[in-house]
Amino acid sequence: MFRCRAGLARALRPPPRGRAHAVLQCHQLRCPSRSLMSSGAPGKAGNNLLLYLIVGGAATGTGVYVYKTLQDSKERYASRLARISRQSQDSEGAAPQETAAPSPHPKVPSHVPFLLIGGGTAAFAAARSIRARDPGARVLIVSEDPALPYMRPPLSKELWFSDDPNVTETLRFKQWNGKERSIYFQPPSFYVPVEDLPSVENGGVAVLPGKKVVHMDVRGNTVKLNDGTQISYDKCLIATGGSPRNLPAIERAGKDVQKRLTLFRKIEDFRRLEKISREVKSITIIGGGFLGSELACALGRRARTRGLEVIQLFPENGNMGKVLPEYLSNWTTEKVRREGVNVLPNAVVKSVSVSGNRLVIKLKDGRKVETDHIVAAVGLEPNVELAKSAGLEVDSDFGGFRVNAELQARSNIWVAGDAACFYDIKLGRRRVEHHDHAVVSGRLAGENMTGAAKPYWHQSMFWSDLGPNVGYEAIGLVDSSLPTVGVFAKATAKDTPKSATEQSGTGIRSESETEAEASEVPISQSSSPMPQVPKQGEDYGKGVIFYLRDKVVVGIVLWNIFNRMPIARKIIKDGEEHEDLNEVAKLFNIHEE
Amino acid sequence: MSYCRQEGKDRIIFATKEDHETPSSAELVADDPDDPYEEQGLILPNGDINWNCPCLGGMASGPCGEQFKSAFSCFHYSTEEIKGSDCVDQFRAMQECMQKYPDLYPQEDENDEKSSKDLEAASMEASAAKEEKASS
């Protein structure tokens, strides 16, 4: 819309002087030819011939110049592309051999009824949904990642708090109640071998790991893999997720800096960072959002026991500055500092270089940070490369594939998870990068791929923990630029994420809501809570924060209170204007001991 | 006394326990139990089993999914005095299948008992709730 307005303005403005001249010139050129024909005066013709030669020469000269410039631009463009792809190859230097040298798999079926591109949380949730609803369904997951589908939240939380020295191998984490689970959704025996998928009785889910879909033919309902294999499908889900963004300052910095950089997303990033955290003296995390703050707290814990320096720097005024209102963001920053992290807010990176054996980060305000390793947690770029060959729309505001309220991009193509920019009937078009959203949208896509035709309606939630003693759950549009109303009480020892998971028997809170329906939930027999002596500055012990858009609650943060998500979801679903939010806050029972 | 302060566009209320003990005047919109968009529990409004219920975990979608669905359906619709007593064959088929995947379906006896008891409990609760709804 903005573009339209600008164009209109341009059209209404008088044409610039140069162009007016050009118009006149053209007119002059045409006149001579007419006058040549009509008057036929030889003197004038001679003058005009000279004019033609000059203009013709100039035109040719211009033409040559333009052509050369275009060629140069093309060369510059091509070399820029080459540099970018070289850089991305370098940063993937640790990639396993399977992805580096693909060979055609002899037994990949040439056709599958359900093809899921991407092997993460959304794809797994969709596979489960399809299998539940369509008896005997045959589902193929094609994943660039060599690992079977797994959940990401523990990679920046629980796995770091594990006492098991083999945790990087097993990837199992003991939840607070002692129950252990793996980050993998299912063990390998759950899946059917790829070559057996067409024939296995009752169907199943097969995973083709370490392969990338590089081309999609929507008209022919086929895809092509990076090893040349072609697979046709009846229904397809795109769940390609995203890739971690990098800072331009770091991209420019060269190989020696890239060697000391982690872009955190996958299992191998966790393994690598865990090893590095035991070897170096100082790690700096760039980024003050969910991932950056969680990693900072996880590493900060190690800082205290192993003498590791942990620094976190970001442009905002405080941790979670884009999510929490300023007073709470400040409170949170103090909490992160108490976890052993040296937090530097209002820090914008200007350049990064290597000096001696250390990294030197220069900030725009002149400060310098010396460190051994950098973790960049500065956002996620949705993986939309397939949009080009598939002819799918990419959203210019939020990024990602544009889909409708039913997560559909085209008749047989759905998109779910981080890569989906979808229409939320209640809250408007958005793109959500959280675990529970991947589960909810993946499940919905699976339902719609098996004929349900349901829109996105069940609002997904998210959560974050800052160490084991402070945590929050949230739902809806939680944007710190919105006006907020926060209602707080004082926290006791019972109100921590630790006791929340003890009560519900799970570590991943999005499941705790749903599984509680089916089985008896034993209430933990923990000791009676001791009311904490109110400390100076610790006003925001527990409470609920409402985010408003035109007096309607569009987002809610449950601050250190748990298992109240259903009522929060209900309030957002209602979309009512409430006069007194303190009355709404009463529904949450924030003082409950 | 509850009190409140304003920091720019953000309002902060500190509420006492006594204040919040008085009933809330906030009004919530009545839910439509037959809303087709809503997430359903284990039993759908029309009485069918919602195989996609998150509460079932992966039971209906795994390698033994078909056997599980067949056994549980039989149990759900069973009108025998001892509910499910006519479903022994289906449960046996399910057991046999599950024994082939010990790491998916742990074979300790207590676990088997617990999981089938949980399902029975869930199904009982669901059918009791349905009866209540029908009679109200």
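Nothing here was measured: the structure is a model prediction, and the numbers come from that model.

> Lay out the overall build of chain A with the relevant residues and their values.
If you tally the helices and strands in chain A, you get 17 helices and 28 strands. The burial tally for chain A puts 49% of its 593 residues in the buried class. Within chain A, counting contacts between residues at least 6 apart in sequence, those at least 24 apart form 67% of the total. Split by element, the accessible area of chain A, about 28500 Å² in all, is 52% carbon and sulfur.

> Explain the interface of chain B and chain A to me, and be specific about the residues and the numbers.
In this complex, chain B contributes 47 residues to the contact, which on the side of chain A involves 56 residues. Looking at the side of chain B facing chain A, the largest losses of area belong to His20, Tyr37 and Asn52 of chain B, adding up to 15% of the total buried there. Our enumeration of links across chain B and chain A arrives at 4 salt bridges. A salt bridge links Lys573 of chain A to Asp31 of chain B, with the nearest nitrogen and oxygen atoms 3.0 Å apart. Linking chain B to chain A there are 31 residue pairs in polar contact (both at pLDDT 80 or more). For the side of chain B that touches chain A, the secondary-structure elements that each account for two or more residues are strand S1 (3–7), strand S2 (10–14), helix H1 (17–21), helix H2 (65–77) and helix H4 (109–135) of chain B. Considering each element in turn, the side of chain B that touches chain A owes the most residues, 5 residues, to S2 of chain B. Looking at the side of chain B that touches chain A, its residues break down into 18 nonpolar, 12 polar and 17 charged.

> Describe the sheet that holds strand S26 (residues 484–489) of chain A, naming the residues involved and giving the relevant values.
Hydrogen bonds between backbone groups are what pair the strands of a sheet, and the pairing can be parallel or antiparallel. One open sheet holds the 7 strands; their spatial order is S24(A)-S25(A)-S28(A)-S27(A)-S26(A)-S2(B)-S1(B), and the pairing between them is mixed. The open sheet has two free edges, formed respectively by strand S24 (461–465) of chain A together with S1 of chain B, since each of these has just one partner strand. Between one strand axis and the next, the sheet turns by 20° as a mean value, whatever way the strands run. Taken strand by strand, helix H16 (residues 565–574) of chain A contacts S24, strand S25 (471–476) and strand S28 (552–559) of chain A, and its axis lies near 165° from that of S28 of chain A.

> With reference to specific residues and values, describe helix H13 (residues 435–449) of chain A.
All names here are of chain A. The first and last C-alpha atoms of H13 sit 21 Å apart over 15 residues, in line with the 21 Å expected at 1.5 Å per residue. Within H13, 15 of the 15 residues are buried, which leaves the element mostly enclosed by the surrounding structure. Residue Gly451 follows H13 closely and has a positive phi angle near 95°.

> Explain the side chain of Thr332 of chain A to me, and be specific about the residues and the numbers.
All names here are of chain A. Within the secondary structure, Thr332 sits in helix H11 (residues 326–338). For Thr332, a relative accessible area of 0% gives the class buried. Of the polar contacts made by the side chain of Thr332, one reaches the backbone oxygen of Leu328; its length is 2.7 Å. In contact with Thr332, not counting residues within four places along its chain, are Asn319, Met320, Leu324, Leu466 and Trp559.

> Tell me what's going on with the UniProt feature "domain: CHCH" (unreviewed entry) in chain B, and back it up with residues and numbers.
Sites flagged by UniProt as "domain: CHCH" (unreviewed entry) map to residues 64–100 of chain B. The distance separating the terminal C-alpha atoms of residues 64–100 of chain B is 9 Å; by composition the span is 68% helix and 0% strand.

> So what about the packing of aromatic side chains? Which residues, and what values?
In this structure the tally under the stated criterion is 21 aromatic pairs over all chains. Geometrically, the ring pair formed by Trp457 of chain A and Tyr37 of chain B is edge-to-face, given 5.5 Å between the ring centres and 70° between the ring planes. Here the residue Trp457 of chain A occupies a position in the loop between H13 and S24, and Tyr37 of chain B occupies one in the loop between H1 and H2, the pair thus bridging two chains. With a centroid separation of 6.0 Å and an interplanar angle of 75°, the aromatic rings of Trp51 of chain B and Phe68 of chain B are classed as edge-to-face. A residue pair is termed long-range when its members are at least 10 positions apart, and Trp51 of chain B in the loop between H1 and H2 and Phe68 of chain B in helix H2 qualify at 17 residues. Each member of the pair, Trp51 of chain B as well as Phe68 of chain B, carries the same accessibility label: buried. Among the aromatic residues, those joined into a cluster by ring pairs are Tyr327, Phe488 and Tyr540 of chain A together with Tyr3 and Phe14 of chain B.

> So what's going on with the state of the cysteines? Residues and values would help.
Linking two cysteines covalently through their sulfur atoms gives a disulfide. All names here are of chain B. If you walk through the whole model with that rule in mind, you get 3 disulfides over all chains. Paired by a disulfide, Cys53 and Cys55 hold their sulfur atoms 2.1 Å apart. What sets the handedness of the Cys53 and Cys55 disulfide is the S-S torsion sign, and at about 130° it is right-handed. Assigned by exposure class, Cys53 and Cys55 land together as buried.

> Can you tell me about the confidence of the model for chain B, naming the residues and giving the values?
Residues and elements named next belong to chain B. Scored by pLDDT, chain B comes out at a mean of 80, with 78% of its residues at no less than 70. Counted against residues more than four places away or in other chains, residues 109–115, with its pLDDT under 50, gives 4 contacts. Confidence estimates for the predicted assembly give a pTM of 0.78 and an ipTM of 0.82.

> Which residues make up the sheet that holds strand S13 (residues 341–344) of chain A, and what values do they have?
Residues and elements named next belong to chain A. The strand order across the open sheet built from 5 strands is S10-S17-S11-S12-S13, with neighbouring strands paired in parallel fashion. Single-partner strands in this sheet number two, and they are strand S10 (261–263) and S13. Across the sheet, the axes of successive neighbouring strands diverge by a mean angle of 20°, strand direction being ignored. Across 5 bridges, the pairing between strand S11 (residues 282–286) and strand S12 (residues 309–313) is parallel. Residue pairing across strands places Ile285 opposite Gln312, the latter belonging to S12.

> I'd love a proper account of a positive patch on the surface, names of residues and values included.
Taken together, the side chains of Arg252, Lys350, Lys362, Lys364 and Lys368 of chain A make up a positively charged region of the molecular surface. Tracing the backbone through its elements, the reader meets Lys368 of chain A in strand S16 (residues 368–371).

> Explain unusual backbone geometry residue by residue, including any values.
Positive phi outside glycine occurs at Met320 of chain A, with the angle close to 55°. Structurally, Met320 of chain A can be placed in the loop between S12 and H11.

> Go over the domain arrangement of chain A, please, and point to the residues and values.
Residue and element names in this part refer to chain A. Taken domain by domain, chain A comprises domain 1 (111–149 + 189–241 + 383–450), domain 2 (245–379) and domain 3 (461–587). Each partner contributes residues to the interface: domain 1 has 7 residues there, and domain 3 has 12 residues. Buried surface at the junction of domain 1 and domain 3, both sides included, amounts to about 790 Å², of which 59% is carbon and sulfur. Area buried by domain 1 at its contact with domain 3 is led by Lys426, Leu427 and Asp436, which between them contribute 62% of it.

> Go over a nonpolar patch on the surface, please, and point to the residues and values.
Taken together, the side chains of Tyr423 and Ile425 of chain A together with Tyr37 of chain B define a hydrophobic patch exposed on the protein surface, amounting to about 260 Å² of accessible area. Tracing the backbone through its elements, the reader meets Ile425 of chain A in the loop between strand S22 (420–424) and strand S23 (428–431).

> I'd like to hear about the pattern of salt bridges, residue by residue, with values.
Counted according to the given criterion, the structure contains 31 salt bridges over all chains. We note a salt bridge from Glu180 of chain A to Arg172 of chain A, for which the minimum N-O separation is 2.6 Å. On the accessibility criterion, Glu180 of chain A (41% relative accessible area) is partly exposed. Taken together, the shared-partner salt bridges connect Lys570, Lys573 and Asp574 of chain A together with Asp31 and Glu38 of chain B into one network.

Conventions we followed
Residues numbered from 1 in each chain as written. Chains lettered and ligands numbered in written order. Predicted model: local features only at pLDDT ≥ 70, side-chain atom pairs only at ≥ 80, totals over all residues. Heavy atoms only, no water. Helix = DSSP H or I, 4+ residues; strand = E, 2+ residues; numbered from the N terminus. Buried < 20%, exposed > 50% of the residue type's maximum accessible area, 1.4 Å probe, protein only. Contact = heavy atoms within 4.5 Å. Areas by Shrake-Rupley, 256 points an atom, 1.4 Å probe, with all protein chains shown as cover. Buried area = accessible area lost by both parts, 1.4 Å probe. Salt bridge = Lys/Arg side-chain N within 4 Å of Asp/Glu carboxyl O. Polar contact = N/O pair within 3.5 Å; in protein donor to acceptor, adjacent residues only side chain to side chain. Nonpolar A, V, L, I, M, F, W, Y, C, P; charged D, E, K, R; others polar. Pairing = 2+ DSSP bridges. Axes fitted to C-alpha atoms, helices over the stretch in contact; angles between N-to-C directions. Expected span 1.5 Å × (residues − 1). UniProt positions renumbered as here; feature names shortened; annotations may be inferred. Phe/Tyr/Trp six-rings, centres within 6.5 Å; stacked < 30°, edge-to-face > 60°. Disulfide = S-S within 2.5 Å. pLDDT = per-residue confidence, 0-100. Patch = residues over 30% accessible without salt bridge, like charges linked within 9 Å, V, L, I, M, F, W, Y side chains within 5 Å. Lys, Arg positive; Asp, Glu negative; His and termini not counted. Charge placed at Lys NZ, Arg CZ, Asp CG, Glu CD. Domains from an automatic or database assignment.

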